[in-house]
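# Working through the structure, step by step
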Amino acid sequence: GESVGLHLPTLSVQEGDNSIINCAYSNSASDYFIWYKQESGKGPQFIIDIRSNMDKRQGQRVTVLLNKTVKHLSLQIAATQPGDSAVYFCAENMEGGADGLTFGKGTHLIIQP
Amino acid sequence: KAGVTQTPRYLIKTRGQQVTLSCSPISGHRSVSWYQQTPGQGLQFLFEYFSETQRNKGNFPGRFSGRQFSNSRSEMNVSTLELGDSALYLCASSLEGVVSSSHNEQFFGPGTRLTVL
């Protein structure tokens, strides 16, 4: 059959503002979560990860929040820059799981000058 | 140190043909995973190789296969190509693999863009 194109959610923010990208994960048994950034023509690039025994983890300009109760993950980017324009994916993995990483559909972050 | 390299970067094939894609992991990395990325399905896990053995496999038909060599370089093969196999095929390497207690970070290559006509 005909494949349907994936309509990525889009988040448009002003340069310098903070960005919050959300992700709902599917497997309550997942214990490890990762955010990736993918720029046009490139493979995904690791941003930050978090284990299920944590609620929050901070990196350079980025913070990941994990809410296991509602199976929700978010990525906060502080002081968004033009170079942050990309598609952002969350990924989940289960300890000992045999399915590799399970990726979300992605969010396209657009930075407006 | 050099990142993950994939060859070729672009490939055009016709239905029914077969194709082999190559991935060279970061030096010292023993785990290589393959993913398919399409607009319709997003990023999907194909399989993972570790020390020349397939350790994990995603939900893809048997037409998709792979192997890993003693130097950790990996190849994936798709036989009897279908139009729906058109995709970006990504390879990712890590020290021990994501499916491990230490959850090693995966580094992705730029991908091979396969077009099936």
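Okay, so let's go over this structure. Just so it is clear, the structure is predicted and the values come from calculations on it, not from any experiment. (Residues numbered from 1 in each chain as written. Chains lettered and ligands numbered in written order. Predicted model: local features only at pLDDT ≥ 70, side-chain atom pairs only at ≥ 80, totals over all residues. Heavy atoms only, no water.)

### Overview of the packing of aromatic side chains
What the rule picks out here adds up to 11 aromatic pairs over all chains. Ring centres of Tyr25 of chain A and Phe33 of chain A lie 4.5 Å apart, and the angle between their planes is 50°; this geometry places the pair in the tilted category. The exposure class assigned to Tyr25 of chain A is buried, which follows from its relative accessible area of 8%. Here the aromatic residues Tyr36, Phe46, Phe89 and Phe103 of chain A together with Tyr35, Phe45 and Phe108 of chain B are joined through ring pairs into a cluster of three or more. Its end group placed over the ring of Phe50 of chain B, Arg55 of chain B keeps NZ or CZ at 4.2 Å from the ring centre. (Phe/Tyr/Trp six-rings, centres within 6.5 Å; stacked < 30°, edge-to-face > 60°. Buried < 20%, exposed > 50% of the residue type's maximum accessible area, 1.4 Å probe, protein only. Lys NZ or Arg CZ within 6 Å of the ring centre and 35° of its normal.)

### Brief notes about the side chain of Ser33 of chain B
Residue and element names in this part refer to chain B. Secondary-structure assignment places Ser33 in strand β4 (residues 31-38). Ser33 gets classed as buried once you look at its relative accessible area, which sits at 2%. A distance of 3.2 Å separates polar atoms of two side chains, one belonging to Ser33 and the other to Gln106. If we ignore the near neighbours within four places in the chain, the residues touching Ser33 are Phe45, Phe47, Glu48, Leu90, Cys91, Ala92 and Gln106. (Helix = DSSP H or I, 4+ residues; strand = E, 2+ residues; numbered from the N terminus. Polar contact = N/O pair within 3.5 Å; in protein donor to acceptor, adjacent residues only side chain to side chain. Contact = heavy atoms within 4.5 Å.)

### What about the environment of Glu105 of chain B?
Tracing the chain through its elements places Glu105 of chain B in the loop between β9 (87-94) and β10 (107-108). We classify Glu105 of chain B as partly exposed; its relative accessible area is 29%. Spatially, the C-alpha atoms of Glu105 of chain B and Ser94 of chain B are 6.0 Å apart, while their sequence positions differ by 11 residues. The contact partners of Glu105 of chain B, leaving out residues within four places of it in the chain, are Phe46 of chain A together with Ser93 and Ser94 of chain B.

### With respect to the sheet that holds strand β7 (residues 64-68) of chain B
All names here are of chain B. Pairing within the open sheet is antiparallel, and its 4 strands lie in the order β1-β3-β8-β7. The open sheet terminates on both sides in strands that have one partner only, identified here as β1 (5-7) and β7. Averaged over all pairs of adjacent strands, the angle between strand axes in this sheet comes to 20°, irrespective of strand direction. Relative to strand β8 (residues 74-78), β7 is paired through 5 bridges, and the arrangement is antiparallel. Of the residues in β8, the one forming a bridge with Gly66 is Met76. (Pairing = 2+ DSSP bridges. Axes fitted to C-alpha atoms, helices over the stretch in contact; angles between N-to-C directions.)

### Some remarks on the side chain of Asp85 of chain B
Residue and element names in this part refer to chain B. Take Asp85: it is sitting in the loop between β8 and β9. Look at Asp85 and you get buried, because its relative accessible area is 4%. Separated by 2.8 Å, the side chains of Asp85 and Arg63 make a polar contact. Setting aside residues no more than four positions away along its own chain, Asp85 makes contact with Gln36, Arg63, Phe64, Val78, Thr80, Leu114 and Val116.

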